[in-house]
Amino acid sequence: MQQIKEKKGSFFEDDNSLFLRLKKYKDKQAFLLAYDEYAEAIYRFIFFKIGQEEDARDITSAVFLKCWSYVQEGRLNDDNEYKSLRSFLYKIARNQVIDYYRSAKHHASLDDAEHLIDEQQDLSTIDQTLSLELVRDKLLYLKDEYRSVLIMRYINDLSISEISDITGKDKGNVRVTILRAIKALKNLVKPHHEG
């Protein structure tokens, strides 16, 4: 019997059930359900890493095309490292972002990201919680490893275990990386609070 849960007024299957249907049966309907369930979160993850809407949409499409390709080629099986559909999609997204930055089409540097920073931001409106815009801007200045774990954990609400699967690091290392990333982000934001 398929496990179905209610979310936001609609029904979807749990991640394990969808992943099983994709692996065993190459089920198109399961793929469409997976797209509906994860496309927005994958887009958000990519957007926060690259800061370009159009490119983020293109990469999101590439992630799902690559996933479907894996399904059709029978490359998803019980022998591979992927423990859940969600972690599999984030792993593809992470690799696609790396490819994006490696491509000749885009040369990543902090100078490229400067147009995203709003120098005139009114910081007096920031109290104990940081504004999403300020955090997004400052995320661009974090090293990729820190930016990735913060986005996965706090924007896309992935568990430590899922982040561990995606990054290939053990859970303890993921926790330490998250703590270091938070500290680095606080140090970037601190000058705005003191100004």
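For the structure given in this document, a descriptive report is provided here.

Okay, unusual backbone geometry next. The backbone of lysine 26 shows a phi angle near 50°, a positive value even though the residue is not glycine. Along the polypeptide, lysine 26 turns up in the loop between helix H1 (15-25) and helix H2 (28-50). One non-glycine residue with positive phi stands out, namely aspartate 157, at about 55°. Within the element layout of this structure, aspartate 157 appears in the loop between helix H7 (144-155) and helix H8 (160-167).

This next bit is on the pattern of salt bridges. Under the definition given, this model contains 10 salt bridges. Where glutamate 40 meets arginine 44, a salt bridge forms, and the shortest distance between an N and an O atom there is 3.3 Å. Pair noted here: glutamate 40 and arginine 44 are both in helix H2, with a separation of four residues, about one helical turn. Among the salt bridges present, the one from lysine 143 reaches glutamate 145, with a minimum N-O distance of 3.7 Å. The class of lysine 143 is partly exposed, set by a relative accessible area of 48%. Through salt bridges with shared partners, a single ionic network connects Lys49, Asp144 and Arg147.

Conventions we followed
Residues numbered from 1 in each chain as written. Predicted model: local features only at pLDDT ≥ 70, side-chain atom pairs only at ≥ 80, totals over all residues. Heavy atoms only, no water. Helix = DSSP H or I, 4+ residues; strand = E, 2+ residues; numbered from the N terminus. Salt bridge = Lys/Arg side-chain N within 4 Å of Asp/Glu carboxyl O. Buried < 20%, exposed > 50% of the residue type's maximum accessible area, 1.4 Å probe, protein only.

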